[in-house]
Amino acid sequence: MKRALVLIVLLLSSPAWSATYYVDQTGGLDANTGLATDNAWKTIAKVNGETFSAGDSILFKKGETWREQLTVPSSGSAGNPITFSSYGMGATPKITGADLVTPGTSWGVFVGEFGWTTVGGLTSDFGAAQFSCSGKGTPAVSGTVTAISIDSSNADSTADIKVGMYLDNGTAPGTKHGTEQEVQNNATYSREWHDFPYSASVTAGTYYYSCFALSAAGDWLLGYTTSGGTNKFTDTWTYGDVWESPFVVDTSSSSNIAIKAKYTAPNIWQTSIAANPIFVLFDGVLGRRENSLANLNSARDYYWSGGVLYIYSTSDPDTAYTSPGVEVSVRNRNIYITGKDYITIDGIHVMASNSINVNTDGVPYDIRDSTNITVNDFDVKYGYYTGLYAYAATKTVSNITISNGSVSISGNGIGLYGSASYGLDTVTLDNVSVHDISNWGANFPNDTRVFGDIDREGIGINGYGKTTGVTLSDISIYDIGNSTDTNNYGLFLYQTDNTTVERFDIYNCSRAGIAIEDGGGAYGKNITLRYGKVHANGATSIGPTGFSGGISIRTANAGGLDNLSIYNVVIDNNYGNATDNAWKRGGLVLYKYSSAGANDAPILIKNNILSNNDTYELQVHDAGTGGFSGLASDYNLFYRSSDNSIMFGDTAYDTTHVIGGSAGFYSNDQGQDTNSLFANPLFVSSSSSDFHLQATSPAINAGVDVGLTTDYAGRTVPFGVAPDIGAYEAGPWSGYGGGMYRGRMGIHWMW
């Protein structure tokens, strides 16, 4: 009997008892069991409400889209994670934070108003100086006036009313504008808006006066005229002309009368959307977010204000966009994993998270206080705050693997954040691309600060001194940042220890390609950058000041940055912000804050190419005492055609005084780079970012063994008698001078 009970327990705990559930947005029903493709569930809400066992799999049908948030409801166990993946044929399943604008019921042609002015204190006797054409304004967008609307805010008024519109001549009404006026004879109006039909084309940015005249009941012909008796609504008149006859408007008390013009713009459409949708997509294509109605003049332009979304379309959006239509971001998250462990997300794409709460929401992939999480085969687009986020608030977040995917068009790319009490431990990012982060060009031309006060980083790791064991490999980061923010770094390592970054390509970041900082503590220990490319970062003119260029390393603590190593990195053609101090920009900058004591941390800089960077190739700025006494820079190659090349402390060395054995040369004076070279590296093509070495490059066989066995492309190191300087080991399969080499991504031609 005991043996039978043990067998039952073992069977129940075995992965063989795990279940597979299917979710089909089109053909499923939540009333189904979910245990077969023809008995699938329909909604993510159903998934969120279930309790799953370790080893279970929840599979979403390919080709389907869910407009819901997946909140992982259960944890797996060691060796038996709960897996969320896909089944079937077709496109990868997608979870979006955007909803469709309901076809057929939501869109209406734009109706606006301008020139709303209230004229108060009107009595039974008043003149033009007190009340003439008070509704001055300009339309937000060009269109056609359909009515001039008037409201009496006090007791009922009995009068004839006539309306008109006049161009502004700079200080007063000028030429009459429009073709129709309307007379309402002896009508009664009861403190509400009344529309008087009118027709006139109007142009955004042009000011117009909306005018009206009232007469005594039945006495319009004695109404608004010049002193000579000419009707002023049919002839040119001069502002300030007197009324020939007094008006009768509610003689029992003074009156307030308001006036405004109503107009339409046939190519502007509107619908009610309660919250500001950061992202609007038109048949899956991101629209162009504008900051005013006046800027809506091309297909897929959109603008939101006061609970109304406006778009530009030359025809009804219901017929112009049908695959799938117009989508607006409304949910803060797409996949939310909080307080759960042993979870795998494989092959599910997410997009369009929305939030007005900066630094809290708007995260398509949100992982918090969870361990043993794997995210594979992912594509993240349109994240308001951060595309993919892992945060340790109440416990250490450990064993996180993120691989084979991309993050784009988000406020930040990937954020790995510790807190004052907890950090991250053992995090791996492999084969990941991050691009177009807060630098969206044509999509956000007039609204670059839509994200509020946040940093814009491709990958940001904020360890708070409690994060360790991070590995980034085969990483590409490009097109990061905008012209208004300071920390637009491609990769930012802050208070993070035991971190390796290898085989990386970082370019077109508006600040530094890589920034490393100890944050004033004894952090930033055991960081290694190896076999990478950092090029074309920084900007020649940008708003706020900050560090810019290739790689920026900053310390404010004597014990920070221990064992920082930079091996076989190409640092080429990085720019500097002209508004920054010179010591904040260059190819490689080591900067010590003035409050920091002597930093004797081993900092090893070897086998790197620093070429054609703005201001300096290498800059070691010693703002405190003691300098960087642990710095060991050697076997590098420096090159620029003219001007100063290296700044060490307060001494600048020009291109003719870099490597040499006598006084006045950098290598002699500072005891650094005695085996380094100053020479043209002879890249295949620096202008096209091809940093392979030509056969005659002086960098070939000029490096030193630092324990690395493969280069950026996976080629064996060394190929010749010694390692090459730079990211690529040179040479074909036999000899130099041209041929092919085999890299990580296949076969390539090599000169």
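Each chain has its residues counted from 1, running along the sequence as written. Thresholds applied to this predicted model are a pLDDT of at least 70 for local features of residues and 80 or more for the giving and counting of side-chain atom pairs; totals over whole chains, interfaces and linings are not thresholded and use all residues. Note: side-chain values were computed over all heavy atoms of the structure, leaving out hydrogens and water.

Asker: Account for the overall build of the chain, with residues named and values stated.
Answerer: Looking only at helices and strands, the chain has 4 helices and 48 strands in total. In the chain, buried positions account for 53% of the 751 residues. Considering only intrachain contacts with a sequence separation of at least 6, the fraction spanning at least 24 residues in the chain is 74%. Per the convention used, a helix needs a DSSP run of H or I reaching at least four residues, while a strand needs a run of E reaching at least two, with both numbered from the N terminus. Each residue gets one of three labels from its accessible area relative to the maximum for its type: buried under 20%, exposed over 50%, partly exposed in between, using a 1.4 Å probe on protein chains only. Here, two residues are considered to be in contact whenever any of their heavy atoms come within 4.5 Å of each other.

Asker: Account for the pattern of salt bridges, naming residues and giving values.
Answerer: Should a side-chain nitrogen of Lys or Arg be within 4 Å of a carboxyl oxygen of Asp or Glu, the pair is scored as a salt bridge. Counted according to the given criterion, the structure contains 16 salt bridges. The partner of Lys61 in a salt bridge is Asp24, and the shortest N-O contact between them spans 3.6 Å. Here Asp24 lies in the loop between β1 (20-23) and α2 (44-48) and Lys61 lies in strand β2 (residues 57-61), a separation of 37 residues in the sequence. Between Glu617 and Arg640 there is a salt bridge; the shortest N-O distance is 2.8 Å. One end of the pair, Glu617, is in the loop between β38 (609-611) and β39 (618-622); the other, Arg640, is in the loop between β41 (637-639) and β42 (644-648), with 23 residues separating them in the sequence.

Asker: So, the side chain of Thr96: which residues are in play, and what are the values?
Answerer: Of note, Thr96 is situated in strand β6 (residues 94-96). Polar contacts here mean pairs of N or O atoms no more than 3.5 Å apart (in protein, one a potential hydrogen donor and the other a potential acceptor; neighbouring residues in sequence count only if both atoms are side-chain atoms). From its side chain, Thr96 meets the backbone nitrogen of Ala98 in a polar contact 3.0 Å long. The residues touching Thr96, leaving out its near neighbours within four places in the chain, are Thr65, Trp66, Arg67, Glu68, Arg331, Asn334, Met351 and Ala352.

Asker: Explain the sheet that holds strand β22 (residues 326-329) to me, using residue names and the numbers behind them.
Answerer: Taken together, 4 strands build an open sheet; the order of strands is β7-β22-β17-β18 and the sheet is antiparallel. Edge strands, defined here as strands with exactly one partner in the open sheet, are β7 (98-100) and β18 (285-286). DSSP-based pairing: two strands are paired if at least 2 bridges between them are found. When strand β17 (residues 280-282) meets β18, the two strands line up antiparallel, connected through 2 bridges. From the neighbouring strand, Leu281 faces β18, where its bridge partner is Leu286.

Asker: For the confidence of the model for the chain, give the residues involved together with the corresponding values.
Answerer: The pLDDT value tells you how sure the predictor is about a given residue, anywhere from 0 up to 100. Residues of the chain with pLDDT of at least 70 account for 74%, and the chain-wide mean is 81. Ignoring residues within four places in sequence, the model shows residues 182-190, a span with pLDDT below 50, making 30 contacts including any to other chains. Taken together, the stretch residues 733-751 has pLDDT below 50 and engages in 56 contacts with residues farther than four places along the chain or on a different chain.

Asker: Residue-level account of the packing of aromatic side chains, with values.
Answerer: Any pair of Phe, Tyr and Trp rings, taking the six-membered ring for Trp, is counted once the centres come within 6.5 Å. Such a pair is stacked with planes under 30 degrees apart, edge-to-face with planes over 60 apart, and tilted for the rest. Summed over all chains, the structure comprises 24 aromatic pairs. A ring pair is formed by Tyr22 and Tyr87, whose centres lie 5.0 Å apart and whose planes are at 85°; its orientation type is edge-to-face. Of this pair, Tyr22 sits in strand β1 while Tyr87 sits in strand β5 (residues 82-87), and the two are 65 residues apart along the sequence. Ring geometry for Phe492 versus Tyr494: centroids 5.8 Å apart, planes at 50°, classification tilted. Note on Phe492: relative accessible area 9%, which makes it buried. An aromatic cluster is present here, built from Phe110, Phe114, Tyr208, Tyr263, Tyr303 and Tyr310 joined pairwise through their rings. Over the ring of Tyr336 we find Arg333, and its NZ or CZ is 4.1 Å from the ring centre. Working rule: Lys NZ or Arg CZ, within 6 Å of ring centre, within 35 degrees of ring normal, means a charge sits over the ring.

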